[in-house]
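Secondary and tertiary structure notes
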Amino acid sequence: MQKIIPFLWFEKNMKEVTDFYVSVFPETKVKGGGELENTPSGTVQMATIEILGTVFNFMTAGPYLPFNPTVSFIVSCDSQEEVDQLWEKLSNSGKILMELSSYPFAEKYGWVQDKYGVSWQIMYSSTMKAPSKIIPTLMFAGTVCGRAEEAVNFYTLVFNNSKIGYVMNYDGTEPVDDERAKVKHAGIQIENFNISLMDSGKKSPLSFEQAISFIVNCETQEEVDYYWEKLTDGGKEIQCGWLNDKFGFPWQIVPTAMGQMMSTGTKEQIARVTEAFMKMKKFDIKTLENAFEGIQE
């Protein structure tokens, strides 16, 4: 099971969204879905989708959370032809951030926002072997520019099964608009999940937004408590298992038991669990289990 799962918040029309990504990426699988009723956004649609071996969770819940390039997804292609095929589909009705071309780090590379605003870095390099086909990338911009190295050390300390793959700094050979920027690119694993981090070399007002967060699936209450305590240190508790860490990046600390309840329960059981977790910040498994069973506390 993938312990850390990227979570994307779209505006509406889940089937349209999933159909789009199925049409873009070969062998994409929609692995599940459903609806949650009586949320602050009304009835929301959920879907689990596997894209090139990486599991994502999608939600459609209204136009509240815009995507921006502080979170993007590198797609490491096996050929230049694969780059061309993905680029054509993702750039159609999208926005090009870096032109598709040859760069010092890749024979073919481009950065694009698709028609929903999700950012993709599509690349082929014959010399660099990526550890996974898709790698989420966090760009530290605005008030947190210059803190990517701190985040590298923090995340690999907090999470188990973690390691630093590499840290490549700006070396003065290319223009950098923001003098705080230090890390040009870094690669780490947390809970065996590959992510990249970078400082924005260009001055930017952008910041991490709730539109893209990472779910951390937790097996026990002790694990929920641990990640909640570590990631809210210097950050902010939100609601329904959401938090922002000290860099402003959003996480969801979610017990796997809740997922099982929501996928196997009756409509009445799901409604009770939903009502219970809507009142929570940090999830309490026992309270959720009691709600599922209809036990009054």
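The paragraphs below set out a description of the structure included in this document. (Residues numbered from 1 in each chain as written. Predicted model: local features only at pLDDT ≥ 70, side-chain atom pairs only at ≥ 80, totals over all residues. Heavy atoms only, no water.)

Examining the packing of helix H6 (residues 267-277) against helix H7 (residues 285-293)
For the pair H6 and H7, the least separation of the axes is 7 Å and the interaxial angle reads 150°. In terms of axis orientation, H6 runs roughly antiparallel to H7. Of the two elements, H6 crosses H7, and the hand of that crossing is right-handed. Residue-level contacts link Gln269, Arg272, Val273, Ala276 and Phe277 of H6 to Leu288, Ala291, Phe292 and Glu293 of H7. Looking at the contact of H6 with H7 residue by residue, the classes come out as 6 nonpolar, 1 polar and 2 charged. (Axes fitted to C-alpha atoms, helices over the stretch in contact; angles between N-to-C directions. Helix = DSSP H or I, 4+ residues; strand = E, 2+ residues; numbered from the N terminus. Parallel < 35°, antiparallel > 145°, perpendicular 65-115°, else oblique. Left-handed = near helix turned anticlockwise from the far one by under 90°. Contact = heavy atoms within 4.5 Å. Nonpolar A, V, L, I, M, F, W, Y, C, P; charged D, E, K, R; others polar.)

Some thoughts on the pairing of strand E4 (residues 54-60)
Within E4, 7 of the 7 residues are buried, which leaves the element mostly enclosed by the surrounding structure. Judged by which residues are buried, E4 turns out to be covered on both faces: Thr54, Phe56, Phe58 and Thr60 on one side and Val55, Asn57 and Met59 on the other are all buried. Direction of pairing for strand E1 (residues 4-10) relative to E4: parallel, over a ladder of 4 bridges. Among the inter-strand pairings, Phe7 is bridged to a residue of E4, identified as Asn57. (Buried < 20%, exposed > 50% of the residue type's maximum accessible area, 1.4 Å probe, protein only. Pairing = 2+ DSSP bridges.)

Focus: the pairing of E1
Counted residue by residue, E1 has 7 buried out of 7 residues, so it is predominantly covered. Alternating residues of E1 divide into Ile4, Pro6, Leu8 and Phe10 and Ile5, Phe7 and Trp9, and every residue in both groups is buried. Sheet topology places E1 next to strand E13 (residues 212-218); 5 bridges connect them, and they run antiparallel. Residue pairing for E13: Phe7 is matched across the bridge by Ser213.

Brief notes about the packing of helix H1 (residues 14-24) against helix H2 (residues 80-91)
One can describe the packing of H1 onto H2 by two numbers: an axis separation of 9 Å at closest approach and a directional angle of 155°. Comparing their axes, H2 and H1 come out roughly antiparallel. Mapping the contact onto sequence places Phe20, Ser23 and Val24 in H1 and Leu86, Lys89 and Leu90 in H2. Split into classes, the residues belonging to the contact of H1 with H2 amount to 4 nonpolar, 1 polar and 1 charged.

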